[in-house]
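Coordinate analysis (summary)
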Amino acid sequence: MGPLNRRQWSAAMAGLALAAGAGPAGAAQPTPRPAPWPPKLVDTRIVIALEPRTGLGNLPLTVAEQRHFFREEGLDVELREFPDLGQAMAAVQAKAAHVVCVPFAQLIAPPAHALGWQSFVVQGRAPQVVLGVSHKTVPGFRGPADLRGRRVGLHAKDPLARRVLTAFLQREQVREDEVQVLPQSSPGAALLAFRGGQLDALCHADPMMTLLEQLGELRVAVDTRSLGGTTEVFGGPVPVGCLSAPAEFLEQYPRVTQALTDAVVHALKWLQTAGPSDLIKTVPESHFQGDRAIYLATVERSRDAWTADGLMPRGGPEAMNRVGEGTPLAPAEVARHFTNAFAQKAKARFRA
């Protein structure tokens, strides 16, 4: 499905207005008819813009889609993929999507901060990024200083990967310009370069890093697949996979926002107890990237990375504000970029 044209967007907004209870003043009310099951909340498809979703960070969204949790809330949702976060956010601004899925750090960074984006449900509290060093090219690795002059591969489209690398280097006052940072265009390119000896270290997301560990080719230096490892690096949790929209959207369409939140929190609760067989039945085969065992092993070690209830993790916004670009924002400015109102209702409903 391509971008919404003006007529489609107008129709979408009309449907959302009805969902919000904002029908035309004085309009005649139609004769009630039996509601279909599941009841349909709006007559338009809700588009969520996100990066390619085969990575684990958006697994809760995939679960909500595949297990029909969105449909149970009366929504027809499309997860529309974009090459990077910038294009995903631009799609919402251009009215080609309604909601975007981004790390919280993106919402408080310029220029997005000035646009008043607001997060309303959070999938993750750890970025699931690993910094690993090659056993082959850096056999005596001891710490950040050993990366001086070395070639470090970096996920080109993941802004948190660079922050993980920078935080690690700063432990021993190693400047980023003292290492050769080589952006990698894709996981496949990064894997080939690392295994071929063209990279001495790699900062990337799973499942590739788990694969390199199991092959015995990589030594983990920084691990943000868990809350503990993330707190060690950033001083607190890192909110990621935040469903966000301009504040006006949340104000005008609270029922739609609540329905989206309920579906995601339902998925998060399901993930808490889902076993390998449940995941195999739910996750599309393409997400396994040819190796179910590696994917399932990655999910198992990353369970701590997802939130249990969709709430903004305590201390997360502040941690991102400390390590963000430019001058940190005032606490009140940071706070206006998220709300827990919808997730708290979903938490109570699903006992998450």
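Every value quoted in this text rests on a predicted model; they were computed, and no experiment measured them.

Here's the deal with the side chain of T230
Position of T230 relative to the elements: it lies in helix α10 (residues 227-234). Looking at T230, the relative accessible area reads 0%, which means it is buried. Reaching out from T230, the side chain makes a polar contact with the backbone oxygen of T224 at a distance of 3.3 Å.

Digging into the nonpolar core
With 48 residues, the main nonpolar core has V100, F104, L131, L147 and M320 as its most contacted residues. In terms of residues, this core owes the most to one element, helix α7 (residues 159-169), which gives seven residues. In this view, L147 contacts V133, F141, F168, L169, E178, V179 and A201; residues no more than four positions away in its chain are not counted. If you look at the next biggest cluster of nonpolar residues, it comprises 45 residues, including C101, L250, A259 and L279.

Details of the packing of helix α12 (residues 254-273) against helix α17 (residues 341-350)
Running from N to C, α12 and α17 cross one another at 50 degrees; their axes reach a closest spacing of 9 Å. Judged by the angle between their axes, α12 and α17 are oblique. Along this stretch, α12 crosses α17, giving a crossing that reads as right-handed. In contact with P254, T257, Q258, T261, D262, V265, H266 and K269 of α12, α17 contributes F342, A343, K345, A346, K347, R349 and F350.

Observations regarding the confidence of the model for the chain
Considering every residue of the chain, the mean pLDDT works out to 89; 89% of them sit at 70 or more. Low confidence marks residues 22-36, where pLDDT is under 50. Its contacts with residues over four positions away, or in another chain, come to three contacts.

Thoughts on the sheet that holds strand β9 (residues 218-223)
Spatially, five strands are ordered β7-β6-β8-β5-β9 in an open sheet, and the strand pairing comes out mixed. This sheet does not close on itself; its edge strands, each paired only once, are β7 (180-184) and β9. The mean inter-strand angle of the sheet, taken between neighbouring strand axes irrespective of direction, is 25 degrees. Both strand β5 (residues 129-134) and strand β8 (residues 201-205) contribute to a ladder of five bridges, which runs antiparallel. Residue pairing for β8: V133 is matched across the bridge by A201.

A closer look at the pattern of salt bridges
A full pass over the atoms with the stated rule returns 25 salt bridges. Where R225 meets D206, a salt bridge forms, and the shortest distance between an N and an O atom there is 3.1 Å. In this pair, R225 is assigned in the loop between β9 and α10 and D206 in the loop between β8 and α9 (208-214), connecting sequence segments 19 residues apart. For R225, a relative accessible area of 1% corresponds to the buried category. In this structure, the salt-bridge partner of R301 is E213, at a minimum N-O distance of 3.1 Å. Of the two residues, R301 sits in helix α14 (residues 292-301) while E213 sits in helix α9, which places them 88 residues apart along the sequence. Take R301: its relative accessible area is 37%, and that puts it in the partly exposed class. Because the salt bridges share partners, they merge into one network encompassing D206, E213, D223, R225 and R301.

Rules of the game
- Residues numbered from 1 in each chain as written.
- Predicted model: local features only at pLDDT ≥ 70, side-chain atom pairs only at ≥ 80, totals over all residues.
- Heavy atoms only, no water.
- Helix = DSSP H or I, 4+ residues; strand = E, 2+ residues; numbered from the N terminus.
- Buried < 20%, exposed > 50% of the residue type's maximum accessible area, 1.4 Å probe, protein only.
- Polar contact = N/O pair within 3.5 Å; in protein donor to acceptor, adjacent residues only side chain to side chain.
- Core = buried A, V, L, I, M, F, W, Y, C linked by side-chain atoms within 4.5 Å.
- Contact = heavy atoms within 4.5 Å.
- Axes fitted to C-alpha atoms, helices over the stretch in contact; angles between N-to-C directions.
- Parallel < 35°, antiparallel > 145°, perpendicular 65-115°, else oblique.
- Left-handed = near helix turned anticlockwise from the far one by under 90°.
- pLDDT = per-residue confidence, 0-100.
- Pairing = 2+ DSSP bridges.
- Salt bridge = Lys/Arg side-chain N within 4 Å of Asp/Glu carboxyl O.

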